[in-house]
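Take a look at the letters that make up each chain.
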Amino acid sequence: MPDAEDVRRIALSLPDTTEKIAWSMPTFRVAGKMFVTLPEEETSIAVRCPKEERDELVLAEPEKFWVADHEAGFAWVRARLAALESDEELRDILADSWRQAAPPRLLESYPELGLPSDD
C-alpha cells in the first residue's frame, strides 16, 4: 500500500515537478500547474481527471475513488492511498494527472510518459 512518502517520491520523479505547500497541505506542480495534492492528513490524494472519466472511476470503484464536494465542479478526483494496490498503480495515476497539467513542450520532450488521450 503506497503512502504519502511514495506520493512525494513518485511525483517529484516526474519532469519539472516541484512541491509547494498550499492550503496547509503539500501540492505538486508541473511547470507551476498543480496536478496532485495530499489532503486529509495525507491518507488520500487529489488528482486531475476529466469529469467523464472521474464519474466512471467513482462508480466502478467507490471504495477507492470519490469526489470531494468542493471539487465537484472541477476535473479532480480523490483516491484513498490505502485502497491502491501498488506503487505502480499510484505511479500510473500520478503520471496521468501530470500529463493533463504539463505544457506541450514537456509532453513532447518526454514521449515515454505518453500523451493525453483525446477519447
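Residues numbered from 1 in each chain as written. Predicted model: local features only at pLDDT ≥ 70, side-chain atom pairs only at ≥ 80, totals over all residues. Heavy atoms only, no water.

> Requested: an account of the overall build of the chain, with residues and values cited.
Along the backbone of the chain there are four helices and six strands. In the chain, the order of α-helices and β-strands from amino to carboxyl end is α-β-β-β-β-α-β-β-α-α. At 13 Å, the chain has a C-alpha radius of gyration in line with the 14 Å of a compact globule built from 119 residues. Once the C-alpha set of the chain is aligned to its principal axes, its extents read approximately 35 × 30 × 25 Å. When contacts within the chain are restricted to residue pairs at least 6 apart in sequence, long-range pairs at least 24 apart make up 48% of them. Here the chain displays about 6,600 Å² of accessible surface, and carbon together with sulfur accounts for 51% of that area. Side chains of the chain carry 14 positive and 26 negative charges; the gap between the two charge centres is 6 Å. (Helix = DSSP H or I, 4+ residues; strand = E, 2+ residues; numbered from the N terminus. Rg over C-alpha atoms; globule rule 2.2 N^0.38 Å. Contact = heavy atoms within 4.5 Å. Areas by Shrake-Rupley, 256 points an atom, 1.4 Å probe, with all protein chains shown as cover. Lys, Arg positive; Asp, Glu negative; His and termini not counted. Charge placed at Lys NZ, Arg CZ, Asp CG, Glu CD.)

> So what about the pairing of strand β6 (residues 76–80)? Which residues, and what values?
Of all five residues in β6, four are buried; the element is thus mostly enclosed. Pairing between strand β4 (residues 44–48) and β6: five bridges, direction antiparallel. For Val47, the partnering residue across the bridge sits in β6 and is Val77. Relative to β6, strand β5 (residues 65–66) is paired through two bridges, and the arrangement is antiparallel. When the bridges of β6 are listed, Phe65 appears paired with Ala79. (Buried < 20%, exposed > 50% of the residue type's maximum accessible area, 1.4 Å probe, protein only. Pairing = 2+ DSSP bridges.)

> Outline the sheet that holds strand β2 (residues 25–30), supporting the account with residue identities and numerical values.
Read from one edge of the open sheet, six strands run β1-β2-β3-β4-β6-β5, paired in antiparallel fashion. Edge strands, defined here as strands with exactly one partner in the open sheet, are β1 (17–22) and β5. Where helix α3 (residues 87–101) meets the sheet, its contacts fall on β1, β2, β3 (33–37), β4 and β5, and the angle it forms with β4 comes to roughly 35 degrees. (Axes fitted to C-alpha atoms, helices over the stretch in contact; angles between N-to-C directions.)

> Tell me about the pattern of salt bridges, residues and numbers included.
Tallying each qualifying case throughout the model produces 10 salt bridges. Residue Asp87 pairs with Arg9 through a salt bridge whose shortest N-O separation is 3.0 Å. One end of the pair, Asp87, is in helix α3; the other, Arg9, is in helix α1 (residues 4–13), with 78 residues separating them in the sequence. Classification of Asp87 as partly exposed rests on a relative accessible area of 34%. Taken together, the shared-partner salt bridges in this structure form one network comprising Glu5, Arg8 and Glu19. (Salt bridge = Lys/Arg side-chain N within 4 Å of Asp/Glu carboxyl O.)

Read these as spatial facts, not as claims about activity.
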